[in-house]
Amino acid sequence: MKFQREMEGLDEIPFEGHPLGQKIYDNVSKDAWKMWVEHMKMIMNEYRLNLGTAQAQEFLLEQMDKYFFRRGRGAAADFVPPRSKA
């Protein structure tokens, strides 16, 4: 739980038929899902993912699981944010 309180849930199961989709539906709020979508865009751009491939889909599902259910909520382990201009 990202917000540690009861919030409005999703209207439908994401990735229906995949166990992670049901887990997200049961545990993730609409607001947390919106935050994930923004994070997902960053991951897709950073790694130039082609979601037409099974490898990219599995990678994204793994990142989603990390984001919602594991400590570290984060970007992929090897993600390095751009340096700020000094």
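The structure this text deals with has already been given above.
Just so it is clear, the structure is predicted and the values come from calculations on it, not from any experiment.

Reading the values: rules and limits
- All residue numbers refer to position in the chain's written sequence, counted from 1.
- Owing to the predicted nature of the model, reporting of local features is limited to residues with pLDDT of at least 70; listing and counting of side-chain atom pairs is limited to 80 or more, with chain, interface and lining totals taken over all residues.
- Calculation of side-chain values draws on the structure's entire complement of heavy atoms; hydrogens and water are dropped beforehand.
- The angle between two axes is taken between their N-to-C directions and runs from 0 to 180 degrees, where each axis is a line fitted to C-alpha atoms and a helix contributes only its stretch in contact.
- Strands here mean DSSP runs of E at least two residues long; helices mean DSSP runs of H or I at least four residues long; both are numbered from the N terminus.
- Angles below 35 degrees are treated as roughly parallel, those above 145 as roughly antiparallel, those between 65 and 115 as roughly perpendicular, and all remaining angles as oblique.
- Take the far helix as your reference; a near helix turned counterclockwise from it by less than a right angle gives a left-handed crossing, and one turned clockwise gives a right-handed crossing.
- Any two residues whose heavy atoms approach within 4.5 Å at even a single point are treated as in contact.
- Charged means Asp, Glu, Lys or Arg here, nonpolar means Ala, Val, Leu, Ile, Met, Phe, Trp, Tyr, Cys or Pro, and polar covers whatever is left, Gly included.
- To estimate the expected span of a helix, subtract one from its residue number and multiply by 1.5 Å.
- Burial classes: relative accessible area under 20% of the type maximum marks a residue as buried, over 50% as exposed, and values in between as partly exposed (1.4 Å probe, protein chains only).
- Take a side-chain nitrogen of Lys or Arg and a carboxyl oxygen of Asp or Glu: if they are within 4 Å of each other, that pair is a salt bridge.

Visitor: Would you mind going over the packing of helix 1 (residues 19-27) against helix 3 (residues 54-69) in detail, with residue names and values included?
Guide: Packing of helix 1 against helix 3 brings their axes to within 11 Å, and their N-to-C directions diverge by 25 degrees. It follows from the interaxial angle that helix 1 and helix 3 lie roughly parallel. Once helix 1 is placed against helix 3, the crossing between them reads as left-handed. Contacts between helix 1 and helix 3 pair Leu20, Lys23, Ile24 and Asn27 from the former with Leu61, Met64, Asp65, Phe68 and Phe69 from the latter. For the contact of helix 1 with helix 3, the residue count by class is 6 nonpolar, 1 polar and 2 charged.

Visitor: Let's hear about helix 3: which residues, and what values?
Guide: For helix 3, which comprises 16 residues, the first-to-last C-alpha distance of 22 Å matches the rise-based estimate of 22 Å (1.5 Å per residue) to within 8%. Among the residues making up helix 3, those that are buried are Ala56, Leu60, Leu61, Gln63, Met64, Asp65, Tyr67 and Phe68. On the buried face of helix 3, the contacting elements are helix 1 and helix 2 (30-47).

Visitor: An account of the pattern of salt bridges is needed here, citing residue identities and associated values.
Guide: In this structure the tally under the stated criterion is 5 salt bridges. Linking Lys30 and Asp11 is a salt bridge whose minimum nitrogen-to-oxygen distance equals 3.2 Å. Placement of Lys30 in helix 2 and of Asp11 in the segment before helix 1 is noted, with a sequence separation of 19 residues between them. A salt bridge links Asp65 to Arg70, with the nearest nitrogen and oxygen atoms 2.6 Å apart. The partly exposed category is assigned to Arg70, whose relative accessible area is 43%.

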